[in-house]
Amino acid sequence: LKNYFYPREKSLEAKDLTELSGYLLDKSYGHLAPADEYLRNYIEDVSDLLNRAYLADPQNPEAQYNLGRYFYTIGNSVSAEQWLATAIKSFSKLEKISKKLFYKHIDTHRLLGEVYSSQEEYLKAEEILSQAISEFEREEKYSGLPGNQIIGKTYSALADIDYFISGNLDAALLNYHSAIKYGNETPSAFWTPERKIF
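Residue positions are given per chain, counting from 1 as you read along its sequence in written order. Owing to the predicted nature of the model, reporting of local features is limited to residues with pLDDT of at least 70; listing and counting of side-chain atom pairs is limited to 80 or more, with chain, interface and lining totals taken over all residues. Just so you know, side-chain values use all the structure's heavy atoms and leave hydrogens and water out.

Draft legend 1. Spatial organisation of the pattern of salt bridges. Each salt bridge in this description consists of a side-chain nitrogen of Lys or Arg and a carboxyl oxygen of Asp or Glu lying within 4 Å of one another. Across all of its chains, the model carries eight salt bridges by this definition. Its salt-bridge partner being Lys 124, residue Glu 121 comes within 3.1 Å of it at the nearest N-O pair. For Lys 124, a relative accessible area of 39% gives the class partly exposed. Bridged by salt links that share partners, the residues Asp 107, Arg 110 and Glu 114 form one connected network. Relative accessibility under 20% of the residue-type maximum defines a buried residue, over 50% an exposed one, and the middle range a partly exposed one, all with a 1.4 Å probe and only protein chains included.

Draft legend 2. Structural context of the layout of surface pockets. As a volume, the largest pocket reaches approximately 760 Å³. In this analysis a 1.4 Å probe is tested at points of a 1 Å grid over the protein atoms alone, and where it fits but cannot get out there is a cavity; an open set with protein on both sides within 12 Å along at least five of seven lines is a pocket; lining residues have an atom within 4 Å of a point. Along the walls of the largest pocket sit 27 residues, with Gly 22, Asp 26, Tyr 65, Arg 69 and Asp 107 positioned nearest its centre. Working definition: helices are DSSP H or I runs of at least four residues, strands are E runs of at least two. Numbering for both runs from the N terminus. Taken together, the elements giving at least two residues each to the lining of the largest pocket come down to helix H2 (14-29), helix H4 (61-73), helix H6 (99-118) and helix H8 (149-166). Among the elements that take part in the lining of the largest pocket, H2 stands out by supplying eight residues, more than any other. Polar here means any residue outside two lists: the nonpolar Ala, Val, Leu, Ile, Met, Phe, Trp, Tyr, Cys and Pro, and the charged Asp, Glu, Lys and Arg; Gly therefore counts as polar. Split into classes, the residues belonging to the lining of the largest pocket amount to eight nonpolar, nine polar and ten charged. Grid points are joined across faces, edges and corners, and a volume is the space filled by probe spheres set on the points. Counted as a void, the second largest pocket has a volume near 240 Å³. The biggest single contributor to the lining of the second largest pocket is H8, with seven residues.

In structure tokens, the structure reads:
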């Protein structure tokens, strides 16, 4: 389908471009079954489609988020920081937000927090991650929003700062527990170099 629509610049509306470019980004850099790994070699034009989606609707936070994810994935932290910070501002301007977009809003915070951590700006990272967790916990309390792996990863990112940077072991323990509760069952959530969590 991409090959059918791609040659014509205005063949898709902004919403469809955003969905298509985000899907291709996931398939290019996300998890694939081992039997499907060879398919990555056939995915092309991701960067151009991400830019087209943004240009078709520059105020769309999801298009900005996808660009931030792209630059984060390829290791361009400067561009990732710019796009993710822009996406957070755009998400905050939405009057209504779907569950799907809310999770992307939280993931935007997580990725920006990880960018800050990679730049050793730990206070900024802690602030942005804590903000995301507060927003999730408020939605969970008042609307019953369920957690998922994105939420778990956010707790885990904050727990890493608590443990490795701040030395706040009690907070780290609570946040690692929450990371596991919401599906981020990675080895680092069960074990830290000097202390067993379980």
